[in-house]
Amino acid sequence: MLLLVLVLSFIWNISQLHGADPTDGFTNIPLTEANFKIQRPYNLPVEARYSFENGVRRMWVYANDKSHSPNSQTQPRTEVRIMGHDYSSGVWQFEGYGFVPNGTTGPSVVQIHGATHESSTIILRIYDGELRYYSGDLIASNMYDKWFKVNLIHDVDEGKVTVFIDNEQKFETKDRGPGDLYFKCGVYAAPKNISYYMESRWRDIKIYKK
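Note that the structure is a prediction, hence the values are computed from the model and not measured.

1. What about the sheet that holds strand β2 (residues 36-39)?
For step 1, the next point in the chain: As summarised here, the arrangement of the seven strands in space is β2-β5-β14-β7-β8-β9-β10, forming an open sheet in which the pairing is antiparallel. For this open sheet the edge positions go to β2 and β10 (138-140), each flanked by a neighbour on one side alone. Strand-to-strand twist across the sheet, computed as the mean angle between neighbouring axes with direction ignored, equals 20°.
For step 2, the next point in the chain: Looking at chain direction, strand β8 (residues 120-127) and strand β9 (residues 130-133) are connected through four bridges and run antiparallel. Its bridge partner lying in β9, Arg-125 is registered against Arg-132.

2. Focus on the pairing of strand β11 (residues 148-155)
On a regular strand, each side chain points to the face opposite its neighbour's, so the side chains alternate between the two faces of the sheet.
For step 1, the next point in the chain: Counted residue by residue, β11 has eight buried out of eight residues, so it is predominantly covered.
For step 2, the next point in the chain: Examined bridge by bridge, β11 and strand β12 (residues 160-165) share six bridges and lie antiparallel to one another. Residue pairing across strands places Leu-152 opposite Val-163, the latter belonging to β12.
For step 3, the next point in the chain: The hairpin turn running from β11 into β12, its antiparallel successor, is four residues long, and Gly-159 in that turn takes a positive phi close to 65°.

3. Notes on the UniProt feature "domain: Alginate lyase" (unreviewed entry) in the chain
For step 1, the next point in the chain: UniProt tags residues 34-208 as "domain: Alginate lyase" (unreviewed entry).
For step 2, the next point in the chain: Helix makes up 0% of residues 34-208 and strand 52%, whereas the separation of the span's terminal C-alpha atoms amounts to 17 Å.

4. Quick word on the side chain of Thr-121
For step 1, the next point in the chain: If you trace the backbone, Thr-121 turns up in strand β8.
For step 2, the next point in the chain: Residue Thr-121 is classed as buried on the basis of its relative accessible area of 0%.
For step 3, the next point in the chain: Of note is the side chain of Thr-121, whose polar atom sits 2.6 Å from the backbone oxygen of Gly-114.
For step 4, the next point in the chain: Not counting chain neighbours up to four residues away, the residues in contact with Thr-121 comprise Ile-112, Gly-114, Ala-115, Tyr-133, Tyr-134, His-154, Val-161, Asp-175, Arg-176 and Leu-181.

5. Comments concerning the environment of Ser-141
For step 1, the next point in the chain: Topologically, Ser-141 is positioned in the loop between β10 and β11.
For step 2, the next point in the chain: On the basis of relative accessibility, which here comes to 33%, the residue Ser-141 falls in the partly exposed class.
For step 3, the next point in the chain: Each C-alpha atom of the pair Ser-141 and Asp-128 lies 9.0 Å from the other, and the pair is 13 residues apart in sequence.
For step 4, the next point in the chain: Beyond its immediate stretch of four places on either side in the chain, Ser-141 contacts Gly-129, Glu-130 and Lys-146.

6. Quick look at the nonpolar core
For step 1, the next point in the chain: Within the largest apolar cluster, 43 residues are counted, with the highest numbers of intra-cluster contacts made by Phe-94, Val-110, Leu-124, Leu-131, Leu-152 and Trp-202.
For step 2, the next point in the chain: Among the nonpolar cores identified, the runner-up in size contains five residues, and Phe-26, Val-91, Ile-153 and Phe-164 belong to it.

7. Brief notes about the layout of surface pockets
In this approach, a probe sized like a water molecule rolls over the atoms, and the result shows the empty space that is left.
For step 1, the next point in the chain: Its boundaries defined by the atoms lining it, the largest pocket holds a volume of some 360 Å³.
For step 2, the next point in the chain: Residue assignment for the lining of the largest pocket shows that the elements contributing at least two residues are β11, β12 and β13 (168-174).
For step 3, the next point in the chain: Along the lines of polarity and charge, the residues of the lining of the largest pocket split into six nonpolar, three polar and six charged.
For step 4, the next point in the chain: Residue lining of the second largest pocket: 22 residues in total, with Arg-77, Gln-111, Ser-119, Ile-123 and Tyr-188 positioned closest to the centre.
For step 5, the next point in the chain: Elements represented by at least two residues in the lining of the second largest pocket include exactly β5 (77-82), β7 (108-113), β8 and β14 (182-188).
For step 6, the next point in the chain: A breakdown of the residues in the lining of the second largest pocket according to their chemical character gives seven nonpolar, nine polar and six charged.

8. Side note on the pattern of salt bridges
For step 1, the next point in the chain: All told, the structure shown has 12 salt bridges when counted by the stated rule.
For step 2, the next point in the chain: A salt bridge links Arg-176 to Glu-118; its shortest N-O distance comes to 3.8 Å. Of this pair, Arg-176 sits in the loop between β13 and β14 while Glu-118 sits in the loop between β7 and β8, and the two are 58 residues apart along the sequence.
For step 3, the next point in the chain: We classify Arg-176 as partly exposed; its relative accessible area is 30%.
For step 4, the next point in the chain: Here Glu-118 falls in the partly exposed class, since its relative accessible area comes to 45%.
For step 5, the next point in the chain: The salt bridge partner of Glu-199 is Arg-201, with a shortest N-O separation of 2.6 Å.
For step 6, the next point in the chain: For Arg-201, a relative accessible area of 25% corresponds to the partly exposed category.
For step 7, the next point in the chain: One connected set of salt bridges, linked through shared partners, spans Arg-58, Glu-199 and Arg-201.

Rules and cut-offs
Residues numbered from 1 in each chain as written. Predicted model: local features only at pLDDT ≥ 70, side-chain atom pairs only at ≥ 80, totals over all residues. Heavy atoms only, no water. Pairing = 2+ DSSP bridges. Helix = DSSP H or I, 4+ residues; strand = E, 2+ residues; numbered from the N terminus. Axes fitted to C-alpha atoms, helices over the stretch in contact; angles between N-to-C directions. Buried < 20%, exposed > 50% of the residue type's maximum accessible area, 1.4 Å probe, protein only. UniProt positions renumbered as here; feature names shortened; annotations may be inferred. Polar contact = N/O pair within 3.5 Å; in protein donor to acceptor, adjacent residues only side chain to side chain. Contact = heavy atoms within 4.5 Å. Core = buried A, V, L, I, M, F, W, Y, C linked by side-chain atoms within 4.5 Å. 1 Å grid on protein atoms, 1.4 Å probe; cavity = no way out; pocket = protein on both sides within 12 Å on 5 of 7 lines; lining within 4 Å. Points joined across faces, edges and corners; volume = space filled by probe spheres on them. Nonpolar A, V, L, I, M, F, W, Y, C, P; charged D, E, K, R; others polar. Salt bridge = Lys/Arg side-chain N within 4 Å of Asp/Glu carboxyl O.

In structure tokens form, the structure reads like this:
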């Protein structure tokens, strides 16, 4: 009997890492187009760097583009900023399917913006087909030219962020403290080692709360 319990426990633990639905126990928060704010180079119309067709949000930017505001000193970006669901406590989750074409290197493709003493809690960047935590820890390889599912779970009260790729837990880290927190995805150029042209596509974006 004890052996059976141990085997079932092992199987359950493996299922949490491989193929489990990370949204189990969460409540889906309905989104409308009003929740999707597009940030893009301030001197260009939205359609010059963004399209939304057949459910796919395509965002692109060039290394020499302007920032999203004339008063900003940040790198160029074209990103979806989720509006209306900023948070500072609790357990929240972003889910979306991303696609990065071959040749795009350097940009953040999804992030949780805000923290106590930093501008972001977590950033996932793509470098030569590898998805990384900022420019450091490797999260997943061979990410070019295919759709992949991303789930970011932020437990603010526990100070923890968990990353799932295609329903498999890939990474976990401490956060950087509470703040005005919100989700973003698209392309936001890193400070260095970026390609001239950067693009990512996103579909089926959802927000969950526990």
